[in-house]
Amino acid sequence: MQTNFLSQQFNAGSLAENSTACPANATICDGTSCVLPEDNFNQTLSVVLSTVLTIMLALVMFSMGCNVELKNFLGHMKRPWGIFVGFLCQFGIMPLTAFLLSLAFNILPIQAVVVMIMGCCPGGTASNIIAYWVDGDMDLSISMTTCSTLLAMGMMPLCLFIYTKMWTDADAIVLPYDSIGLSLVALVVPVSFGIFVNNKWPSKAKIILKVGSIVGAVLIVLIAVVGGILYKGSWVITPKLWIIGTIFPAAGYTLGFLLARLAGLSWHRCRTVSLETGMQNTQLCSTIVQLSFTPEQLELMFTFPLIYSIFQLLFALLILGGYRLYRRHRVKTKTDVEKTAQKEDSKSSAKMNGGFASDEVK
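Residues numbered from 1 in each chain as written. Predicted model: local features only at pLDDT ≥ 70, side-chain atom pairs only at ≥ 80, totals over all residues. Heavy atoms only, no water.

The chain carries the name Ileal sodium/bile acid cotransporter in an unreviewed UniProt entry, which gives Chloropsis cyanopogon as its organism. Taken verbatim from the UniProt record of the chain, the Subunit (unreviewed entry) comment is "Monomer and homodimer." Recorded in UniProt under Subcellular location (unreviewed entry), the annotation for the chain is "Membrane". (UniProt positions renumbered as here; feature names shortened; annotations may be inferred.)

Printed below as a string of structure tokens:
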């Protein structure tokens, strides 16, 4: 009897220890991943916040459009060398990088598929906001985001068919064309209004741009916080996915910049292509994953889009901080150049300095 009592105590203690690792109400739990069910509050919060964030995003993209010159934007469309380089990065470098990382870390087939889905997604709108803060080419940034979202309707199925057939049937992956279409509309419509305002009332457009850029920075932080609230389930996934989620966006930023430089693009366009390559539409990836896989499969890779989102934002902020430090200590501002030109003019009328301004200050 005493032995049975001790055995029951031991089993109760083991259950108590296990309960701390995985909540009792978890819908998915096998020791490697636990996901909590959504309650009514969480669903209501999701609807309210999604509505607010959608409106904020539309306003931010409207302000970003206020920095786009129609002539320059159409110039990128007529001579799409920069867009073509971005296309190679978005649907060439990123899917190939995802494929090689999946093979190198020998992850499970279902995990490899979600990494591939992330690699095949188009660029996200957050790249436009960061591109503004690093003095990128906004005309190129917005045209790249628009074109990659439009081309994703054909390029995503093609890339997934090429790269995922060794792990799964490509037909099993459901592509939400309605979500892609809504993303395109949510980008094109507010940006078009912004371009119109910039051409009609340039002085007012500058004020809108300054306000929108600040709101955009707040929006990026807010989206990260909201993601933490809505995905409050407790989970533990394989360290390999954490490592891939760290390397993948960093590789996208680096390879995008290098390819743009090899293609002969200017420095500010290289920064733009780099951001457009590394910053993926993680919301679209999450939607595809949830539509395509069962709850049992989701437990193995449900959080990867969130991991990628965290690290792509972290590296983007590091790029922004590094660029701002570089510009402050290494690059002359336009005011400095003008003062230098005036000083040279006062010394000699024979030699005139036209005031060279590098791409970094444009």
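Chemist: I tried to follow the overall build of the chain on my own but got confused; where do I start?
Modeler: Summing up its helical and strand segments, the chain has 15 helices and two strands in all. Per element, the accessible surface of the chain, about 19000 Å² overall, is 66% carbon and sulfur. (Helix = DSSP H or I, 4+ residues; strand = E, 2+ residues; numbered from the N terminus. Areas by Shrake-Rupley, 256 points an atom, 1.4 Å probe, with all protein chains shown as cover.)

Chemist: When you look at the UniProt feature "transmembrane region" (unreviewed entry) in the chain in this model, what are you seeing that I'm missing?
Modeler: Here the UniProt feature "transmembrane region" (unreviewed entry) sits at residues 45-63, 83-105, 112-134, 140-163, 175-195, 207-229, 241-263 and 306-326. Its end C-alpha atoms 32 Å apart, residues 83-105 is made of 100% helix and 0% strand. Secondary structure across residues 112-134 divides into 74% helix and 0% strand, with the first and last C-alpha atoms of the span separated by 33 Å.

Chemist: I would appreciate a short explanation of the packing of helix H7 (residues 138-164) against helix H11 (residues 267-278) in the present structure.
Modeler: Viewed as axis vectors pointing N to C, H7 and H11 meet at an angle of 30°, and their least axial separation amounts to 9 Å. With respect to H11, the axis of H7 lies roughly parallel. In the packing of H7 onto H11, the handedness of the crossing is right-handed. Contacts between H7 and H11 involve Leu140, Ser141, Met144 and Thr145 from the former and Arg269, Thr272, Val273 and Glu276 from the latter. Grouping the amino acids of the contact of H7 with H11 by side-chain chemistry returns three nonpolar, three polar and two charged. (Axes fitted to C-alpha atoms, helices over the stretch in contact; angles between N-to-C directions. Parallel < 35°, antiparallel > 145°, perpendicular 65-115°, else oblique. Left-handed = near helix turned anticlockwise from the far one by under 90°. Contact = heavy atoms within 4.5 Å. Nonpolar A, V, L, I, M, F, W, Y, C, P; charged D, E, K, R; others polar.)

Chemist: How do you make sense of unusual backbone geometry when you look at a structure like this?
Modeler: Of note in the backbone geometry, Asn106 takes a positive phi value of approximately 50° without being a glycine. With respect to the helices and strands, Asn106 occurs in the loop between helix H4 (81-105) and helix H5 (109-120).

Chemist: What's the story with the packing of aromatic side chains in this structure? I'm lost.
Modeler: To describe a pair of aromatic rings, you give the distance between the ring centres and the angle between the ring planes. Under the counting rule described, the total for this entry stands at eight aromatic pairs. Taken together, a centroid distance of 5.3 Å and an interplanar angle of 50° make the contact between Phe99 and Tyr163 tilted. In this pair, Phe99 is assigned in helix H4 and Tyr163 in helix H7, connecting sequence segments 64 residues apart. A relative accessible area of 18% means that Tyr163 is categorised as buried. Plain terms: the ring middles of Trp242 and Phe311 are 6.4 Å apart, the flat faces sit at 85° to each other, and that makes the pair edge-to-face. (Phe/Tyr/Trp six-rings, centres within 6.5 Å; stacked < 30°, edge-to-face > 60°. Buried < 20%, exposed > 50% of the residue type's maximum accessible area, 1.4 Å probe, protein only.)

Chemist: Help me understand the nonpolar core in this model?
Modeler: For soluble globular proteins, nonpolar side chains are generally found buried alongside one another. Val115, Met116, Ile117, Met156, Phe248 and Phe304 are the most contacted members of the largest nonpolar core, which totals 36 residues. Counting only elements with at least two residues in this core, the list comes to H4, H5, H7, helix H10 (239-262), helix H12 (282-292) and helix H14 (304-330). The contact partners of Ile117, leaving out residues within four places of it in the chain, are Met156, Leu160, Ile173, Cys285, Ile288, Val289 and Phe293. (Core = buried A, V, L, I, M, F, W, Y, C linked by side-chain atoms within 4.5 Å.)

Chemist: Would you explain the side chain of Glu276 in this entry?
Modeler: Within the element layout of this structure, Glu276 appears in helix H11. Nearest to the buried, unbridged Glu276 among oppositely charged side chains is Arg271, at 12 Å. Within the structure, Glu276 has its side chain in polar contact with the side chain of Ser141 (distance 2.8 Å). With sequence-adjacent residues up to four places away left out, Glu276 is seen in contact with Gln90, Gly123, Ser127, Asn128, Ser141, Met144 and Thr145. (Lys, Arg positive; Asp, Glu negative; His and termini not counted. Salt bridge = Lys/Arg side-chain N within 4 Å of Asp/Glu carboxyl O. Polar contact = N/O pair within 3.5 Å; in protein donor to acceptor, adjacent residues only side chain to side chain.)

Chemist: In this structure, what is going on with H14? I would like to understand it.
Modeler: Think of an α-helix as turning once every 3.6 residues; residues three or four places apart then point the same way. With 27 residues, H14 ought to run about 39 Å at 1.5 Å a step, and its terminal C-alpha atoms sit 38 Å apart, in line with that. Turning to H14, its buried residues are Phe304, Pro305, Ile307, Tyr308, Phe311, Gln312, Leu313, Ala316, Leu320 and Tyr323. (Expected span 1.5 Å × (residues − 1).)

Chemist: What should I look at first to understand helix H6 (residues 126-133) in this one?
Modeler: Burial runs high along H6: six of the eight residues are buried. Every buried residue of H6 is accounted for by Ser127, Asn128, Ile129, Ile130, Ala131 and Tyr132. One or two steps after H6, the chain reaches Asp135, where phi turns positive at roughly 60°.

Chemist: I would appreciate a short explanation of the pattern of salt bridges in the present structure.
Modeler: Two side chains that carry opposite charge are able to pair once their charged atoms sit near each other. All chains considered together, the criterion is met by two salt bridges. Note that Asp135 and Arg327 form a salt bridge whose closest N and O atoms lie 2.3 Å from each other. In this pair, Asp135 sits in the loop between H6 and H7 while Arg327 sits in helix H14, placing the two residues 192 residues apart along the sequence. The partner of Asp137 in a salt bridge is Arg269, with the nearest N and O atoms 2.8 Å apart. One end of the pair, Asp137, is in the loop between H6 and H7; the other, Arg269, is in helix H11, and 132 residues separate them in sequence. A relative accessible area of 6% places Asp137 in the buried class.

Chemist: Looking at this structure, I do not really get the confidence of the model for the chain. What am I missing?
Modeler: Note: predicted coordinates in regions of low pLDDT should not be interpreted at a detailed level. For the chain, the mean per-residue pLDDT works out to 74, and 68% of the residues sit at or above 70. The spread of mean pLDDT over the elements of the chain runs between helix H1 (residues 2-21), the lowest at 41, and H10, the highest at 93. Low confidence marks residues 1-20, where pLDDT is under 50. Its contacts with residues over four positions away, or in another chain, come to zero contacts. Low pLDDT, under 50, characterises residues 35-39; the stretch is placed with 16 contacts to residues that sit more than four places away or in other chains. (pLDDT = per-residue confidence, 0-100.)

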